[in-house]
Every structure is written in C-alpha cells, then in structure tokens.
Amino acid sequence: MKSKTKIYDPDKIEGKWQKIWERSGIYKTKDGGNKPKCYILDMFPYPSGIGLHMGHPKGYVPTDTYSRYKKMNGYNVLHPMGWDAFGLPAENYAIKNKIHPAVSVKKNIKKFKEQLGRIGFDYDWSREIDTTDPKYYKWTQWIFLKLLEKGLAYESYEPINWCPSCQTGLANEDLDNGVCERCGSEVEKKPMRQWVLRITDYAERLLKDLDILKWPESVKESQRNWIGKSEGAEIDFKITNDELRIKVFTTHPETIFGATYLVLSPEHPLVAQLKDKIKNWKEVEKYILEARQKTEILRTAEGKEKTGVELRGITAINPANQKEIPVWMADYVLAHHETGSIMAVPAHDERDRSFAEKFKLPIVTVLQPLVTRISGIDAFKHREGVSERKAVVAVIKHWSEDKYLGVRWGNTGWQGFVIGGIENGENSETAGMREIVEETGYLHPKLVGKLGETVHARFWQNIKRQNRLAHFEPVLYELVDGERNEPTEEEKTLHKLSWLTPEEMCAFITHDDMAIIWNRVHDGHCKFISGCEVSSILVNSGRFDGLTVSEAVEEFEKLSLITRTTTYKLKDWVFSRQRYWGEPIPVIHCEKCALDNPVGRGVVPVSEKDLPVTLPKVKSYAPTGTGESPLADIKSWVNTKCPRCKGPGKRETNTMPQWAGSSWYYLRYMDPKNNKSLVDKKREKYWSPIDMYVGGTEHATRHLIYARFWHKFLFDIEIVNFEEPFTQLKNQGLVLAEDGRKMSKRWGNVIDPDGIVKRFGADALRVYIMFMGPFENAVAWQTNGVVGTRRFIERVWGLQNKLADRKSKVEESDDFISLLNRTIKKVGDDISSFSFNTAISAMMILINASDNLPRLSRNSFEKILKILAPFAPHIVEELWSNIGGSPLTGKRTRKSIHLERWPKYDESWLKDKTIKIAVQINGKVRDEFSAPADSDENILKTEATSRRNVKKWIDGKEIKKTIYVKGKLINIVVN
RNA sequence: GCGCAGGUGGCGAAAUUGGUAGACGCGCUAGCCUUAGGAGCUAGAGCUCGCAAGAGUGUGGAGGUUCGAGUCCUCUCCUGCGCACCA
C-alpha cells in the first residue's frame, strides 16, 4: 500500500518537465521516414513588447493538442513556431527610445519564447525562424528578384495611398474604409515612385482555387469579395465633333440602347483635355474641387442623394443608335473603379435612375420581362413555330373591399386575371373594358391605369396545338359597383371567378408572368413559381428588339459595338514602404544602364550571390517625410557599384511591407537552415501542403491572399510542387474580457496568460481554453472557469491514490469499462474534428466515474492518462513517471507518455448491456424503463403498455399505432 | 442593399443529424465537514402551478410536414462579421 501522494503543485512539475522535454529533444521532428506526415501550423506571432496575450493560447493550445494527438496516432508531425518581427511597432519604439529595432525585437522574442514555453507546447524549436534574420530575409529578397525577373514586380508612378502619420505608402489591403488600419489617419492620394507586384495576373487563379480549399466559408467569401471579379464589356463613346472617346465599363452591355447619358468621375483625366470645350467650366471646376475635398468616406456617407454637373458643350454619340447624348460629371462615379466613367442606363439601374430623375434626364426602357413555361402541359416547345398575339391583362379591384378578381380557366387549370386579345382599333385599355364585361359580367369597370411595361410570355397552347408568344399589357381597373349580368352557363364553366385578398392572390396565381404583374399592384411579396423561366428581351433597341440578353450581347460583340472584358477589384500590390524596419528591396539604380536601356529605367537587380542586402545601422529611424526611407540618408550604404556595368549605382532605399516575410515562412520551417536554396525540393515535397493552418480571422484578405499569390508564383517557377499552401484553415474565436468587451488596456480588463499559469498552472489554463466554448466561437473569459478546470486536474491527480497495487486484481464494473472505451473513442473523434470542448466534457465524466470507484486498475489509469496527455501534458507526464517505476528497483523504466501510442478502444464495449426505453404517448414522454439490450420489440411494447404510468394515459383509448425506435423509445399513438 | 455566420437556462454550452432538450462546466440554493480557502463532500434546480405526486409549458417569432421537430420546409424578427453609389 502506497502512502498518500503529495499535494498537486503545478509550478514545480510543469517547470520540471518543460526542462526535461527540451533537454531530451522529444519534440524534434525528422524530415522523412515511414510514418505519414502531418504539417500543423499556427500563424506566427508578431513579438510585441507587451508579451503574450490570451489570443495566442486560444489558437496555439488547440493546435498543440491536435499535434500531440496526431503524434500519438503514428504521424510524423511538423509543428513549428517563429517570429514575424518586421513592422512598424518595433520601428516606432526605436524612434521613441533610440534603441535599434533588432535589439528590442531580440528582447521581445526572448520574452515571448519564455512565455510560450511555460504553456508547454510541443514545438520543434530547432526550426525556429525569424523574418528579420538576414539568413531568413535573404530568401524573401530572393523571391523578390524572381518576381522582378518574371516581370511581376515593377516600378510605378501612379498615385498611391499615403499615410501622413505613418509617413509611408500603403497597399489597398492596408486601408480600413479609407483610413490607415494601423493608426486611423485619413489616407491621401500621393503620386510617387513605388514598387508594385502584379498580383492581378493571379486574380483568376486565386479566385478559382478557393473552391478546392477546406476553409471557413466566410474567409473564402471575403477573398472572393476582395478579388471582386466582374464580367462585362467596355464600350467606346465618341465625343461629338472630336477625336476623343470616352471608354466605359458595364456589366450590362445589352442595355446600350438605354444609355441616355454618360457620367465621368470628377477625377477623370479626360476632363482636363476637354476644358476648352466645356462652356460651364467654372461650375465644373467648382464641382471638381468640392469633390476633391470630400474624402471617400464623406462622399459615400452622404447617402443616396446624388450630386452632379453637366459638361455643357460636350456630348457623346451612343454607338448603338448614333444618338447624341449629354455628358455629366458626378461623384457617384468612382475614379478608381474600372474606367472611372459609366454609361448611365436609368431605366435599369437604380443609381442612374435616381440621378436621371433628379436632373430630368431621359429614361428609356430597353428590357422587358419574358416568361417561358418550362414544365407542365403548357411548356414551350422550342422546336415548334410560334404565333404571336397582343393581349390585355385586366387586374380588377373589388368595389368596396381590398380584394381582387381571380380567374380560373376551367379547362386548363390556369389561374390568374382576366385576359383577352386586343382587336383592331382597340388599345389595351379599351380592350380590357370590353373583356371585363364579356368575361365576368360586371358592368361598371373604371380604368385606374396601366401597370408598367409589357410582359412577354412563351407557352404551348395545347388546345390549338401551337406555341404562343403573348405580349401582355397589364392594366388595372376598379369596379364602381357590383352590378352584373348573370353569366351564361358556358361562361361559368369556362371562367371560375373568385374575389381574393392580396395574400390569397399570391397563392392563387399559377404562372410567373401573372406574378410579375401582380407584384406591380401589390408590392413585391409574391414569390416566383417554379415551372417558369424568367428572363429579359430587348425593346426600343432598333433591329435588336426581341433578342434575349445573351443573343444581343453576342450580336453587339460581332458588330464591335462592345468589347467583352473581365475586371477585378483586386489591384496590384503596392510593395514598397518608406520606412526603415523592413527587408531592403534588392535592386540598384544605375544612371548609365538607364541610358542604355530606357525601358528598364536603370533598375539593376542585385545578383543572387550578393544576397542578403542587409539593413545598415542608422542614426535616426524616423521617416524623412520626403517620401524616402531613412536609408536614403546613409550615403555609404546607398552608394554602391552597379552589378551590370560596374559603374556607380544607388541602392533602392524603400523596404518591403510587413506581409513579405509572412508570405512564405511556412516553407522555411521545412528546411530552416538551408543556405543553398529557399527550401530543399525533397523536403518541400515531403511536407507540403500544410494540413492544418490555424489563426485569426483578421488575416482573411491580406496575409492569406498574399501568401497564396507568392505560393502560386513559387509553383510556377517550380520551387513548390502544389498550387495551394494551406489546404485546411481554421479560425480560432476571440477571447473577450469577463465583461464581454474586447480585452484592452483602455478598459483595464486584460487577463494575461502568464498570470493564469502562475495561479492555476499551465494544464488548467490549457484545459480551460479548450473547454470554454467551441474552437471558433468568441467567448468571454471567466477566471472562475479556470477554477473549474483546475478542480478537474486535481481530481485526476487524486486518482493515483485509488490505484490498485500491481499484484492485486481489480474488478471494475462493466459500466465503467464501457464508459472508458467510449470515452477513448469520443475523445479521439472530437480532437480530429476540433471539438475540444466536448472531448473535455467526456473526460470529465470519465474522471468523475473513476473517482467514484473504490479502486482503479493500473491499466485503466494508464489509458486515462494517455487520452488526457494532449490536453494536459505536464500532469500526465508526472503521474506517468510516478507509476513507471518498478516496485522492485525503483528505477524509471519507461519513456515519456508523449511518445506513447493512443490507446485502442474495444468495439464490443461500446454497446450498452442494458438500455433505457422512454415511453411516449402521442410524442410526449410519460414514462421510462430499463431492459436488456437484446430485448425483443414485442416484449418491450408489452412492458410499456402494462406500466402504471402509461396505463393511465391509454386506458379507454384506442391505440392507433405503436412506434419503436430501436434501443431508444416507444411512442404510443392514441386518440 | 448584397453575401456569410449565428439566435437553446442566470452564464459558457451539449444534443449520436428527425427519436427522452439542457450532457459537461461556471454561478446559485440547502446541508455536512474542515488545516477558514478562489477549498472539499452530499443533494437540488429550465420556467409556471403544486407540500408533494404530478400537470402544463419550453430551443428568437408565426405557420407547415411528421407518430415525433432545437434539428426538415415557408415566412419573419434580431445579433455578429465581410463587402458596398462596384457600373
């Protein structure tokens, strides 16, 4: 009999094992072998001076558990960690405190590593990387050289986003509603030289390959939005009496005949060229200046009220109908979007309509709905001829109630409104009057008005055995009174009439053409009905009238009226920053080479053997504000030899953005020490792609799109063997403060992981983080919750006192053994599906049950420790080692529990021996009883009906049927 | 406005995918015990009525399908996230 074990002291045992693990190297990963590989990656942290925050373990602890589980299941797991250490905070800290960023970064990394170490992760630290290490950024620069070589990096002089506070240019991705996402300053447009990466060349692939990724739908959707593909056409509008043309982009080229005016954005370059011709230049100039002063936010925040000014003296020719149309300027047209100019089709575009209405511009309808019956007896037969007919559709309102007349055509089952042909000499209104009297017998219809555009319908007329194309003119009438001629018997069988409320009418209508008309009367709630196909055909479009949208677009294209194009919202990646703390862009500017080759502007790449171009020491890290980085001041560094002509050259002084190093870091972990290549081909082939990538949602459109872009490029130049870097992605939820707000210094509600580890131990913290809610959920921190998981951990600790002696046999109940087996299965399944919270809940149930046993067998205890090992690695290692000693020698005879195999469960124990059957009467639970698992259905039913609690519900009633759900319940249906 | 997630006790949440709603944990209540602690043990608890047995009711709301609905269908309301005068 063992003596009582000492008190659980996480402080002691956790530190002890962390040291032993590190010394023994049990977490070192081999590159290769017979085991299947599994690459599990956490998004690496930016090592800020504040140290670890709760968000880090929220993501890192679950992947660590997942990693340990995979290892125990025979996988060769790569689970590395490193530092994304370039970036503004370190630089700003340097400016303020005059400490070189490299120094503070080193200090921060040390702190981060210690803090991570205290939580007990299984990282292979021999593969640690740091993006600011020249040995690392040599390869970041190398990738840039390759991009340059392939024409994917270029210098541009277009105006870019400039943050006046951070004193640097920014990419579109770095803006948050027009504001610098880092400091919140209003961003300006500033023309300056910059390096840009041609990410747009990859737009289509970046979009298409999203389909093969196992990523959260929301992240994929964000990326689709960001790429912003739109298919349409470009159309040139010639300016009247001028050689100049206005190019517009539209997603609806079929509406070209409806383009009644053009609109330029205030920034449109053509405006300057047209200045002399514009008669109201003063007014236009004022508008331009006003627009320039408004920020983008202001412009859009003003809502839907549109402003604009006509360019008097300028007109354009609509190439479709040669009509002269006015040209306007308005800020609802955005300069940076597509061509910065539009053809306005007010009849079919909401924005254009409100603009046209405000400024009294013509509105020409060029599309009308076409409904084709595609199923049922009246389905349109595409191969047969068509006879056309004009008809009126009369919607008739009741004289005193809010009801409308529904007509059912007795012989066809068709339900809708009064319909009749329009005869010679009639218009739709008069034809409708006549039809109402003829068809319904009501004598006093009053015309209310037409109901909008013609609705076309194609269907098969079964009685006449022919296709019909009907042009329905909808007209609304109201009856003055109910006076009526009694209809003939024939009429009565032909047309069954009923007065219907608007809701009833929706349900009554059988075809979409009628639904479209009804929606014009009764605003919009009528759903379209299956069996019909709704499309549009052209009208008011000259000889193209009657064509479908796709037919028209095809025709226009043939005539070169339009040029079909696909555009993307994604813009090329502005890649240079006028700051110090980043990778130097490895090129040299040479004036002599510029003369030899004006196209290349004298940009000469640093030769590969001279990489890395290291950051020099500077006196001042502060940005110069001139649009040049602080590097420009270091003459000894800037002035160098041109690698091509050996003449004098100047180094590029811009640096790369923070996203550069993180766009490929996952490859370096595979082969972190390689100084011959970025990554060894064999190793890359072995480890790629990443099987599980975990991080926060804030990287949905930047890091994840940049990294995919670089990866695809590296695939193209055959550095990597697979098109996508991260096959599976998961986002951990936020940790909110106890008050439900974000944790922030400002609110004083920050809980730091270190403090929790000190008070409760790393194992309790780990278990709590995973237990607090589903992995992806944002959940509020509760320190009391950690108390709960600490209690759980201590209960596990206490189990060693129940441990039976090696020699003595222990009888554990069937129930317990069954529970143990089921828990092994459930915990494994749950880890695989990232359902850590339910895995822990299952283990709690098991531990509670173990706690209630008088004695626990060694075998069971070991299994319990093993399934707990991925969650609470320290305590299980301690307990494992406690029971590992031989009672004779006292020597430790076993290796770490983390090198053990995941226990197997026994299928035969997963089934219950006895089952609990619930008895329902009409679906309500009234009783329950236990029975052997193999009980016959009839015996169970007999038992159920004979029970007292059941009898009182069924006595005197007729049992209509009895449903038995195997092993679960019996439902008795009575009336 | 468009798209994507979600709405279940006082709280975090479960629910084998159509079969006993609320497992597990926090908090709470009562009792016990003690080395007075952020401790342990036992019991209780969705809500309403009731001393209780029990009955009614209950997964944002309204309908529907079904012997049976948190789960499926229709409509609707609310919350979070992304995009947004996107041509």
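Residues numbered from 1 in each chain as written. Chains lettered and ligands numbered in written order. Predicted model: local features only at pLDDT ≥ 70, side-chain atom pairs only at ≥ 80, totals over all residues. Heavy atoms only, no water.

Chemist: Would you mind going over the overall build of chain A in detail, with residue names and values included?
Modeler: Summing up its helical and strand segments, chain A has 30 helices and 41 strands in all. Taken over the C-alpha trace, chain A has a radius of gyration of 38 Å; the compact-globule value for 975 residues is 30 Å, which it surpasses by more than 25%. The C-alpha extent of chain A, read off along each of the three principal axes, is 115 × 105 × 50 Å. Taking all 975 residues of chain A together, the buried fraction comes to 53%. If you take every contact in chain A between residues at least 6 apart in sequence, the share linking residues at least 24 apart comes to 72%. Entry remark: accessible area of chain A is about 46,400 Å², with carbon and sulfur atoms responsible for 50%. Taking the average place of the 149 positive charges on the side chains of chain A and the average place of its 131 negative ones, the gap between the two points comes to 9 Å. (Helix = DSSP H or I, 4+ residues; strand = E, 2+ residues; numbered from the N terminus. Rg over C-alpha atoms; globule rule 2.2 N^0.38 Å. Buried < 20%, exposed > 50% of the residue type's maximum accessible area, 1.4 Å probe, protein only. Contact = heavy atoms within 4.5 Å. Areas by Shrake-Rupley, 256 points an atom, 1.4 Å probe, with all protein chains shown as cover. Lys, Arg positive; Asp, Glu negative; His and termini not counted. Charge placed at Lys NZ, Arg CZ, Asp CG, Glu CD.)

Chemist: Mind laying out the protein's contact with RNA strand B, listing which residues take part and the relevant values?
Modeler: Contacts to RNA strand B come from 55 residues, most closely from Thr-250, Thr-251, Arg-759, Met-772 and Arg-791. The sugar and phosphate moieties of RNA strand B supply 59% of its atoms located within 4 Å of the protein. Here a sugar or linking oxygen of RNA strand B and a side-chain polar atom of Glu-221 are 3.0 Å apart. A distance of 2.9 Å is found between a sugar or linking oxygen of RNA strand B and a backbone nitrogen or oxygen belonging to Tyr-332. (Near = heavy atom within 4 Å. Polar contact = N/O pair within 3.5 Å; in protein donor to acceptor, adjacent residues only side chain to side chain.)

Chemist: Just give me the short version of the sheet that holds strand β11 (residues 194-197), but keep the residues and values in it.
Modeler: Read across the sheet, three strands follow the order β5-β11-β29 without closing on themselves; strand pairing throughout is antiparallel. Strands with a single pairing partner mark the edges of an open sheet, and in this sheet they are β5 (153-156) and β29 (573-574). The sheet contact formed by β11 and β29 spans two bridges and is antiparallel. Note that in β29 the partner of Leu-197 across the bridge is Trp-573. (Pairing = 2+ DSSP bridges.)

Chemist: Can you lay out the pattern of salt bridges for me, pointing to particular residues and giving the numbers?
Modeler: The final tally for this structure, using the stated rule, is 60 salt bridges. Lys-16 is the partner of Glu-878 in a salt bridge, and the nearest nitrogen-oxygen pair spans 2.7 Å. Placement of the pair is Glu-878 in helix α28 (residues 873-884) and Lys-16 in helix α1 (residues 10-24), with a sequence separation of 862 residues. Judged by its relative accessible area of 4%, Glu-878 is buried. The partly exposed category is assigned to Lys-16, whose relative accessible area is 35%. (Salt bridge = Lys/Arg side-chain N within 4 Å of Asp/Glu carboxyl O.)

Chemist: Break down the packing of aromatic side chains for me, citing the residues and quoting the values.
Modeler: Scanning all chains against the criterion turns up 49 aromatic pairs. Considering the side-chain rings of Phe-775 and Phe-836, the 6.5 Å spacing of their centres and the 70 degrees angle between planes classify their relative orientation as edge-to-face. One end of the pair, Phe-775, is in the loop between α23 (762-771) and β37 (779-780); the other, Phe-836, is in helix α26 (residues 836-851), with 61 residues separating them in the sequence. For the pair Phe-775 and Phe-836, a shared accessibility class is recorded, and that class is buried. Through a chain of ring-to-ring contacts, three or more aromatic side chains come together here, namely Phe-144, Trp-195, Tyr-202, Trp-573, Phe-575, Trp-659, Tyr-706, Phe-709 and Trp-710. For the cation-ring pair, Arg-68 lies above Trp-21, with the distance from its terminal atom to the ring centre recorded as 5.5 Å. (Phe/Tyr/Trp six-rings, centres within 6.5 Å; stacked < 30°, edge-to-face > 60°. Lys NZ or Arg CZ within 6 Å of the ring centre and 35° of its normal.)

Chemist: For the side chain of Asp-42, give the residues involved together with the corresponding values.
Modeler: By secondary structure assignment, the location of Asp-42 is in strand β1 (residues 37-42). The side chain of Asp-42 is buried and forms no salt bridge, while Arg-766, the nearest opposite charge, is found at 10 Å. Here His-79 takes part through its side chain, which lies 2.9 Å from a polar atom of the side chain of Asp-42. Residue contacts for Asp-42: discarding those within four places in its chain leaves Gly-59, Tyr-60, Thr-63, His-79, Met-81, Tyr-123, Tyr-665, Tyr-693 and Val-694.

Chemist: How would you explain helix α7 (residues 217-227) if you had to name every residue and give the values?
Modeler: Here α7 has its buried residues at Val-219, Lys-220, Gln-223 and Ile-227. Angular distribution of buried residues about the axis of α7 spans 100 degrees; they occupy a single face of the element. In this structure, the buried side of α7 is in contact with α6 (203-208), β12 (229-239), β28 (563-568), α21 (703-716) and β35 (729-731). Directly after α7, the chain includes Gly-228, whose backbone phi takes a positive value near 55 degrees. (Arc of directions from axis to C-beta.)

Chemist: Help me get a handle on the sheet that holds strand β38 (residues 914-921), residues and values and all.
Modeler: Read across the sheet, four strands follow the order β39-β38-β41-β40 without closing on themselves; strand pairing throughout is mixed. Of all the strands in the sheet, just β39 (924-932) and β40 (959-965) have a single pairing partner and so form its edges. Taking each pair of neighbouring strands and ignoring which way they run, the sheet shows an average axis angle of 20 degrees. Relative to β39, β38 is paired through eight bridges, and the arrangement is antiparallel. Paired with Thr-914 across the bridge in β39 is Pro-932. The strands that helix α29 (residues 937-946) touches are β38, β39, β40 and β41 (969-974); relative to β40, the one it contacts most, it runs at about 125 degrees. (Axes fitted to C-alpha atoms, helices over the stretch in contact; angles between N-to-C directions.)

Chemist: Give me the lowdown on the packing of helix α5 (residues 134-149) against α21, citing residues and values where you can.
Modeler: Viewed as axis vectors pointing N to C, α5 and α21 meet at an angle of 65 degrees, and their least axial separation amounts to 11 Å. In terms of orientation, α5 lies roughly perpendicular with respect to α21. Seen from above, α5 lies across α21 with left-handed handedness. Contacts between α5 and α21 involve Thr-140, Ile-143, Lys-146 and Leu-147 from the former and Phe-709, Trp-710, Phe-713 and Leu-714 from the latter. A per-class count over the contact of α5 with α21 returns six nonpolar, one polar and one charged. (Parallel < 35°, antiparallel > 145°, perpendicular 65-115°, else oblique. Left-handed = near helix turned anticlockwise from the far one by under 90°. Nonpolar A, V, L, I, M, F, W, Y, C, P; charged D, E, K, R; others polar.)

By themselves, these observations are geometric and do not establish any function.
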